[in-house]
Amino acid sequence: MNPEIVKSLFTELRMPTAARELAEVLAEQKKAVSLGWVSSLLERELDSRKQKSLRRRIHSARFPEITTLEGFDFSFNPDIDEEKIRDLATLKFIDQNQIALFLGAPGVGKTHLALAIGVLAVQDGRRVFCASAKRLGQEIMLGKLRGTLDGLFKRMLSAQLWIIDDWGVVSMSREVAEEIFDLMDRRKQSSAMILTSNRDVSEWAEVFPDPIIANATVDRIFDRAKTVLFKGQSYRLKGRIQTREIQTVDGEAQKH
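Residues numbered from 1 in each chain as written. Predicted model: local features only at pLDDT ≥ 70, side-chain atom pairs only at ≥ 80, totals over all residues. Heavy atoms only, no water.

Trainee: Which residues make up the environment of Phe74, and what values go with them?
Mentor: Among the secondary structure elements, Phe74 is positioned in the loop between helix H3 (36-61) and helix H4 (82-88). In sequence terms Phe74 and Gly109 are 35 residues apart; their C-alpha atoms lie 9.3 Å from each other. Apart from residues lying up to four places away in sequence, Phe74 is in contact with Leu69, Ile80, Glu82, Ile85, Arg86 and Leu113. (Helix = DSSP H or I, 4+ residues; strand = E, 2+ residues; numbered from the N terminus. Contact = heavy atoms within 4.5 Å.)

Trainee: With reference to specific residues and values, describe the side chain of Asp210.
Mentor: With respect to the secondary-structure elements, Asp210 resides in the loop between strand E4 (192-197) and helix H10 (211-221). At a separation of 3.3 Å, a polar atom in the side chain of Asp210 contacts the side chain of Arg174. Engagement of the side chain of Asp210 in a polar contact is seen with the backbone nitrogen of Ile212, the distance being 2.7 Å. (Polar contact = N/O pair within 3.5 Å; in protein donor to acceptor, adjacent residues only side chain to side chain.)

Trainee: Explain the packing of helix H9 (residues 174-187) against H10 to me, and be specific about the residues and the numbers.
Mentor: The axes of two packed helices give the description: the angle between them and the distance between them. Contact geometry of H9 with H10 gives a least axis separation of 9 Å together with a crossing angle of 30 degrees. Taken together, the axes of H9 and H10 lie roughly parallel to each other. The hand of the H9/H10 crossing is left-handed. Across the interface between the two elements, Arg174, Ala177, Glu178, Ile180, Phe181, Met184, Asp185 and Arg187 from H9 touch Ile213, Ala216, Thr217, Arg220 and Ile221 from H10. Class assignment of the residues belonging to the contact of H9 with H10 gives a composition of seven nonpolar, one polar and five charged. (Axes fitted to C-alpha atoms, helices over the stretch in contact; angles between N-to-C directions. Parallel < 35°, antiparallel > 145°, perpendicular 65-115°, else oblique. Left-handed = near helix turned anticlockwise from the far one by under 90°. Nonpolar A, V, L, I, M, F, W, Y, C, P; charged D, E, K, R; others polar.)

Trainee: Tell me about the sheet that holds strand E3 (residues 161-165), and name the residues and values.
Mentor: The sheet built from five strands is open, its strands ordered E2-E3-E4-E1-E5 with parallel pairing. This sheet does not close on itself; its edge strands, each paired only once, are strand E2 (128-132) and strand E5 (225-230). Strand-to-strand twist in this sheet, taken as the mean axis angle between neighbours without regard to direction, amounts to 10 degrees. (Pairing = 2+ DSSP bridges.)

Trainee: Explain the environment of Val201 to me, and be specific about the residues and the numbers.
Mentor: Counting through the fold element by element, Val201 comes out in the loop between E4 and H10. With a relative accessible area of 31%, Val201 lands in the partly exposed category. In this structure the C-alpha to C-alpha distance between Val201 and Leu103, which are 98 residues apart in sequence, comes to 8.6 Å. When near neighbours in sequence (up to four residues on either side) are disregarded, Val201 contacts Leu103 and Phe222. (Buried < 20%, exposed > 50% of the residue type's maximum accessible area, 1.4 Å probe, protein only.)

Trainee: Mind laying out the packing of helix H8 (residues 149-158) against H9, listing which residues take part and the relevant values?
Mentor: Contact geometry of H8 with H9 gives a least axis separation of 11 Å together with a crossing angle of 35 degrees. Pair H8 / H9 crosses with right-handed handedness. The residues of H9 that touch H8, namely those facing Leu149, Phe153, Met156 and Leu157, are Glu179, Asp182, Leu183, Arg186 and Arg187. Its residues placed into classes, the contact of H8 with H9 shows five nonpolar, no polar and four charged.

Scope: geometric values only; no functional claims are made or implied.
See the structure below:
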């Protein structure tokens, strides 16, 4: 086993002294030393640490479910721009702190694909914050009551990707709206975002108590945003639609 491979494993495991002094220790042995078993142990330790780190990031992200791109049937709604989704899945938009807006009717796959990209980000070692707009509002109010709002902001702003689901569905109090604006204003310096909404953009202002806050917040959401429009039948009802079609065909066959 090449000592350089063992040295690189020590380095990856953040064992700088072992990496630095490996050559000296081997020289002191004054004979050939088999390092295969050492390398195997270090690789197992590294794999274990990576798995634990992945589980921590998944738990911290609070995904409501784990989804994948492979688990999504793009052929069901061919109007969804698969190329744009695949481009977002490269995660380059995260490095540039950009925004992806998933807009369209309920049930067409916005949340599934947003979560799938979030899972890819976590697997790539990124920190992700995931919440529905309703839950985010609740966490802000709870943080204000308990004096833990700074902790929530720190957790969000330290994440490299935010996923905010169902934007524009629930109305906000002025207290929540002001904090949401502050978050959106500060996000562009530190985090990328995927935001899903089934409401028309022209209706977003209705959930804010103040038109000035509404306009300022929406302006920041659309700053360098990539928009993906979701059209077609409800992906959520896919199985039921197919079942009904089969039943209808069977019924017609029986008539004849």
